[in-house]
Amino acid sequence: MDFLVAHFAQVVFLFLATVCLAGAAGVVALRQPVHAALSLLASFLGVAGLFVLAHGEFLAAVQVLVYAGGVMVLFLFVIMFVNVRTAGKEAQYLRPLVPLAVLGGLLFAALALAAVWALSQRPVGDPSAFVSVAGEHLGNTEAVGWILYRDYLLPFEVVSVLLLVAMVGAIVLGRKPKEGEAA
Amino acid sequence: MIPTSWYLVVSVLMLACGLIGLLVRRNFITVLMSVELILNAANLNFVAFARQLGDLTGQVFPVFVITIAAAEAAIGLGIIVQLARMKGTVALDTVREMRG
């Protein structure tokens with residue numbers, strides 16, 4: 001019990017990491033797209049929890065709102081819409097690629113883990129930078145907004161144009177072709 | 001105190017999962033989900049290093065990444081809807097029109 005209290009953050013981290021990775025594995029392994037989508041949802045929520053642990057409260061809220069709320073609903077809508085309930089025997093994997101892909105993924109993971117291993121244990125930075133604006137204690141959302149609108153205003157505007165383009169593209173792709181018009 | 005390397009390990013494993021899923025899944029929708037996993041792993045890295053360095057910029061860039069992920073999902077799912085309408089399936093090995 002004392003161990004749990006003393007290492008509470010670590011225990012929470014390990015729990016959230018397990019949720020994340022189990023969800024990620026489920027996306028790869030589960031047969032039904034709906035199950036994979038719900039597994040992905042668990043992974044998203046786990047990542048949101050990890051953001052909170054790393055002093056990213058605003059990002060955690062965005063993660064839940066945009067990913068778990070918006071993108072997931074979009075995925076589930078499309079899964080229901082195209083109705084691709086998998087029949088029992090139908091292949092879910094591109095067979096010839098499986099060994100290569102698993103090998104590649106594992107090699108990549110080993111390489112990256114070696115890089116992480118080589119990273120020395122440096123002290124973690126001062127978390128007060130995440131909640132203060134110009135030395136004044138306000139909160140994570142205000143601090144992120146300060147950086148976003150002061151230093152990254154142009155990328156912010158460019159991204160908003162990108163969203164507009166994506167919206168128009170999605171509408172054009174999603175509509176029914178008119179009579180005599182190629183899809 | 002949680003070491004930064006723990007975050008990186010989770011991020012790497014998530015990215016590997018996404019990579020494998022991206023390559024081997026036959027269903028277009030699950031392939032898109034794998035891409036979302038990869039982008040999430042990148043976000044996790046950003047936030048972990050923001051924490052390591054005490055620099056808030058690492059918490060601003062995930063906002064852009066999330067935006068791009070949303071745009072990508074919208075366009076990708078639009079393509080899937082059209083594909084399902086044209087072919088009645090979203091299995092990737094049935095789509096070979098653009099193969100030369």
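Residues numbered from 1 in each chain as written. Chains lettered and ligands numbered in written order. Predicted model: local features only at pLDDT ≥ 70, side-chain atom pairs only at ≥ 80, totals over all residues.

Asks: Whenever I open this one, the overall build of chain B confuses me. Can you help?
Replies: When helices and strands are counted, chain B shows three helices and zero strands. Listing every helix and strand of chain B by position from the N terminus yields α-α-α. Taking 2.2 N^0.38 as the reference for a compact globule, 100 residues should give roughly 13 Å; the C-alpha atoms of chain B span a radius of gyration of 17 Å, well beyond that estimate. Seen through its principal axes, chain B has C-alpha atoms that stretch 50 × 25 × 25 Å. Every one of the 100 residues in chain B was classed for burial, and the buried ones make up 57%. Intrachain contacts of chain B at a sequence separation of at least 6 include 50% that bridge at least 24 residues. (Helix = DSSP H or I, 4+ residues; strand = E, 2+ residues; numbered from the N terminus. Rg over C-alpha atoms; globule rule 2.2 N^0.38 Å. Buried ≥ 20, exposed ≤ 12 C-beta atoms within 10 Å, placed from the backbone. Contact = placed C-beta atoms within 7 Å.)

Asks: Teacher, can you tell me more about the interface of chain A and chain B here?
Replies: As a measure of interface size, the accessible area lost when the parts come together is often cited. Contact with chain A, which involves 74 residues of that partner, is made by 66 residues of chain B. It is helix 4 (residues 57–82) of chain A that contributes the most residues to the side of chain A that touches chain B, eleven residues altogether. Across the side of chain A that touches chain B, the residue classes tally to 61 nonpolar, eleven polar and two charged. (Nonpolar A, V, L, I, M, F, W, Y, C, P; charged D, E, K, R; others polar.)

Asks: Teacher, can you tell me more about the environment of Phe75 of chain A here?
Replies: In this structure, Phe75 of chain A sits in helix 4. According to the C-beta neighbour criterion, Phe75 of chain A is buried, with 26 such atoms within 10 Å. Distance in space between the C-alpha atoms of Phe75 of chain A and Pro33 of chain A is 9.4 Å, their sequence separation being 42 residues. With near-sequence residues (within four places) excluded, Phe75 of chain A lies in contact with Ala37 of chain A together with Ile29 and Met33 of chain B.

Asks: So what exactly am I meant to see when it comes to the nonpolar core here?
Replies: Buried together is how nonpolar side chains tend to be arranged in soluble globular proteins. Formed by 73 residues in total, the largest nonpolar core has its most connected members in Leu50 of chain A together with Met14, Cys17, Ile29, Met33 and Leu44 of chain B. With 13 residues, helix 2 (residues 28–53) of chain B is the largest single contributor of residues to this core. Among residues more than four places away in sequence, those in contact with Leu50 of chain A are Leu16 and Cys20 of chain A together with Tyr7, Val10 and Leu44 of chain B. (Core = buried A, V, L, I, M, F, W, Y, C linked by C-beta atoms within 7 Å.)

Asks: Even after reading the chapter, I still don't get helix 1 (residues 4–24) of chain B, so can you show me in this structure?
Replies: What sets the pattern is the α-helix's 3.6 residues per turn: residues three or four places apart point alike. For helix 1 of chain B, built from 21 residues, the straight-helix expectation of 30 Å at 1.5 Å per residue is met to within 8% by its first-to-last C-alpha distance of 31 Å. Among the 21 residues of helix 1 of chain B, 16 are classified as buried, and the element is accordingly described as predominantly covered. (Expected span 1.5 Å × (residues − 1).)

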